[in-house]
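# Coordinates in review
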Amino acid sequence: MDRSYPLSAMQRGMLVESVMSPGSGVNIEQLIISLPEALDVDTLIRSWESVANRHTILRSRFKWEGLEEPLQQVVPRMRVPFTFHDWRNTDAAEQDARWTKYLHQDRARGFDLAEAPLMRLNV
């Protein structure tokens, strides 16, 4: 079953901004969470994928090339891209430097808006 929807005015504007400014980081949100307790990474990944597969908006992509009007399409299921960065054996200053560099590179990397998911998880 094809689940495609017209874009809202805001979505259309964000799509145009993103397509016209690749690598700029425009419209990229980076949510940063610090957890004081030990983290079960496998459970985190499974939980996040469960949430994404339950909520259609998290499984969306955009199609616009060759179309009169751009569409938001929902894919039936997907895997959330995950990367684990282990910086435990580096000092605090080096961790901060790596963190800052990573955030800038991640924002500039952006997303392929034609491919779901439009998110990734990093720990």
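Structure first, text after, so check above.
Quick look at the structure, then. Within every chain, residues take consecutive numbers counted from 1 along the sequence as written. Reporting in this predicted model follows two pLDDT cut-offs: at least 70 for local features of residues, and 80 or more for side-chain atom pairs to be given and counted; totals over whole chains, interfaces and linings ignore these cut-offs and use all residues. For side-chain calculations, the full set of non-hydrogen atoms in the structure is used, while hydrogens and water are omitted.

Turning next to helix α3 (residues 92-109). Runs of E in the DSSP output that reach at least two residues are strands. Runs of H or I that reach at least four are helices, and both are numbered from the N terminus. By this rule, a helix spans an expected 1.5 Å times one less than how many residues it contains. Between its terminal C-alpha atoms α3 stretches 25 Å, which fits the 26 Å expected from 18 residues at 1.5 Å a residue. Within α3 the residues assigned to the buried category are Tyr102, Leu103 and Asp106. Taken around the axis of α3, the buried residues stretch over an arc of 100 degrees, which confines them to a single face. The exposed residues of α3 that point more than 90 degrees off its buried face are Ala93, Lys101 and His104. Pairs of N or O atoms are called polar contacts if they sit within 3.5 Å, as long as, within protein, a hydrogen donor faces a hydrogen acceptor (for residues adjacent in sequence, only side-chain-to-side-chain pairs). For α3, the capping residue at the N-terminal end is Asp91, with a side-chain oxygen 3.2 Å from the backbone nitrogen of Ala93. Positive backbone phi, at 65 degrees, marks Gly110, one or two positions downstream of α3. Each residue is placed in one exposure class: buried if its accessible area under a 1.4 Å probe, protein chains only, is under 20% of its type's maximum, exposed if it is over 50%, and partly exposed if it falls in between. Note: the arc covers the axis-to-C-beta directions of the helix.

Further remarks concern the packing of aromatic side chains. Geometry of aromatic contacts follows a simple scheme: Phe, Tyr and Trp rings, the Trp one being its six-membered ring, pair when their centres are within 6.5 Å, and the pair is stacked under 30 degrees between planes, edge-to-face over 60, tilted otherwise. Inspection of every chain in the model, using the stated rule, returns one aromatic pair. Two thresholds decide whether a charge sits over a ring: the Lys NZ or Arg CZ must be within 6 Å of the ring centre and within 35 degrees of the ring normal. Above the ring of Phe111, the side-chain terminus of Arg120 is found at 4.0 Å from the ring centroid.

All quantities given are derived from atomic positions and should not be read as evidence of function.
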